[in-house]
Amino acid sequence: VLFTCDSCIVEDKAAQSLLNKIIHTSLVNTTNQVEVLQRDPNSPLYSVKTFEELRLKEELLKGVYSMGFNRPSKIQENALPMMLAEPPQNLIAQSQSGTGKTAAFALAMLSHVNPAKKWTQCLCISPTYELALQTGKVIEQMGKYYPEVKLAYAIRGNKLDRGMKLQEQIVIGTPGTVLDWCSKLKIIDPKKISVFVLDEADVMIATQGHQDQSIRIQRMLPKECQMLLFSATFEDSVWKFAERVVPDPNIIKLKREEETLDTIKQYYVLCSDKEEKFTALCNIYGAITIAQAMIFCHTRKTAGWLAAELTKEGHVVALLSGEMTVEQRAAVIERFREGKEKVLVTTNVCSRGIDVEQVSVVINFDLPMDKDGNADNETYLHRIGRTGRFGKRGLAVNMIDSKHSMNILNQIEDHFNKKINKLDTDDLDEIE
Ligand code: ADP
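Here the structure is a predicted model, which is why all the values come from computation and not from measurement. (Residues numbered from 1 in each chain as written. Predicted model: local features only at pLDDT ≥ 70, side-chain atom pairs only at ≥ 80, totals over all residues. Heavy atoms only, no water.)

Participant: How would you explain the pattern of salt bridges if you had to name every residue and give the values?
Facilitator: Counted according to the given criterion, the structure contains eleven salt bridges. Measuring nitrogen to oxygen at the nearest pair gives 3.7 Å for the salt bridge that ties Lys184 to Asp180. A salt bridge links Asp366 to Lys277, with the nearest nitrogen and oxygen atoms 3.1 Å apart. Placement of Asp366 in the loop between strand E14 (361-364) and helix H14 (377-384) and of Lys277 in helix H10 (residues 274-287) is noted, with a sequence separation of 89 residues between them. Take Lys277: its relative accessible area is 1%, and that puts it in the buried class. Via salt bridges that share partners, Lys21, Asp199 and Glu200 belong to a single interconnected network. (Salt bridge = Lys/Arg side-chain N within 4 Å of Asp/Glu carboxyl O. Helix = DSSP H or I, 4+ residues; strand = E, 2+ residues; numbered from the N terminus. Buried < 20%, exposed > 50% of the residue type's maximum accessible area, 1.4 Å probe, protein only.)

Participant: Go over unusual backbone geometry with me, naming the residues and quoting the values.
Facilitator: Across the junction of Glu86 and Pro87, the peptide omega takes the value -5°, indicating a cis bond. A positive phi angle, close to 50°, is found at Arg55, a residue other than glycine. With respect to the helices, strands and loops of the structure, Arg55 is situated in the loop between strand E1 (34-37) and helix H2 (58-66). The class of Arg55 is exposed, set by a relative accessible area of 77%.

Participant: Let's hear about the environment of Leu27: which residues, and what values?
Facilitator: The topology assignment puts Leu27 in the loop between helix H1 (13-23) and E1. According to the relative accessible area criterion, Leu27 is partly exposed, its value standing at 47%. Taking C-alpha positions, Leu27 is 14 Å from Glu77, a pair spaced 50 residues apart along the chain. Apart from the residues lying within four places of it in its own chain, the contact partners of Leu27 are Ser73, Gly98, Thr99 and Gly100. (Contact = heavy atoms within 4.5 Å.)

Participant: Can you tell me about the environment of Leu61, naming the residues and giving the values?
Facilitator: Note that Leu61 resides in helix H2. The exposure class of Leu61 is buried, given its relative accessible area of 12%. Put simply, Leu61 and Phe51 are ten residues apart on the chain and 7.2 Å apart in space, counted from C-alpha to C-alpha. Those residues in contact with Leu61 that lie beyond four places of it in its chain are Phe51, Glu52 and Leu56.

If you want it as structure tokens, here you go:
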């Protein structure tokens, strides 16, 4: 079979990251403990439970509270005292998106700045234009009551003349432009930088050029400059890069909440083709009261077709599709979250990493598979799994229409060592 496989396309990490930033309007819950590895294991481990304990400038404390933050997040409890320590300490921090990393380093940069000095003192690099703008917004909001501190964006299109000296104390930008401003154009004197932040390291290293540029920037900075690196994930490659960019680091890690299938009722439905799958889907929908459902398809084409068919049947359907911009996707997710639509049809690429907690039913219209056509167990778990403490009970229905999809289902059963029962869509009493 030949199809355009949406979930086989290498995932656009930067877009995913931006989407996460836009849709995370509050902290992600976690019950896991923060792991701290100190550079100097003999110094006392210092953590804070309030922002007052950090002895921030009045203007900044006001800024923090005006954003609605009452107390530091889990990662901030440990990261902030380290980042604000004297003498400055280097830090590598990893935690999933939405746990408060950006807010933490924004506060650290704002605290370190001396507003009386009219030159760049803090430098932050982000992988893309959009991510840089997003981070800049946080700094601007937090520094709202501290107008003496100015922020400049080193991003494409922001053309400055060679030799002019930048007066803004904080610069945020993408590696290429920042490198230009530091070396070729000499707008920033890298020797005067005292805080260097590298954000989204995992996204950064996905582009080889960015990795090299980041290292070149880092090498121009003085030895005593504080180096901070943040990442949502931590594969070996990220780790190797982090160690090159951040000498003698403290390390903070926060594990993401484990997902489990224990509270999920899993079924499969046997059909002969996609039309029959659609009929079965309608039967399920008619038989049970569903608060909100997410339906996963393999290709954009199927997702589009299914959304149209469901709409014809009178359902109010939201569609997330690969050709949408990040802003459009964020708007769709936001509407779905608010309950404006009850059904969300999507391909995997569009919705990876999106948590919609109120969804009680997940339909795999197509089963998740990798590029070789094998079961993608991780994606399966992520689509239907719930995190222990926050998860309500849920229902997952897998649509089977071929030997191949049955095979994938069996692989999934084996992998999780859980039997998935057959559902007879003419007799749906058992699932309610
Ligand atoms: P990350 O950089 O890890 O993705 P963010 O710093 O963007 O996380 O924070 C995620 C969301 O939580 C944002 O909407 C942010 O405003 C909010 N947030 C951050 N820190 C706190 C806090 N201490 N209290 C309440 N909300 C916070």
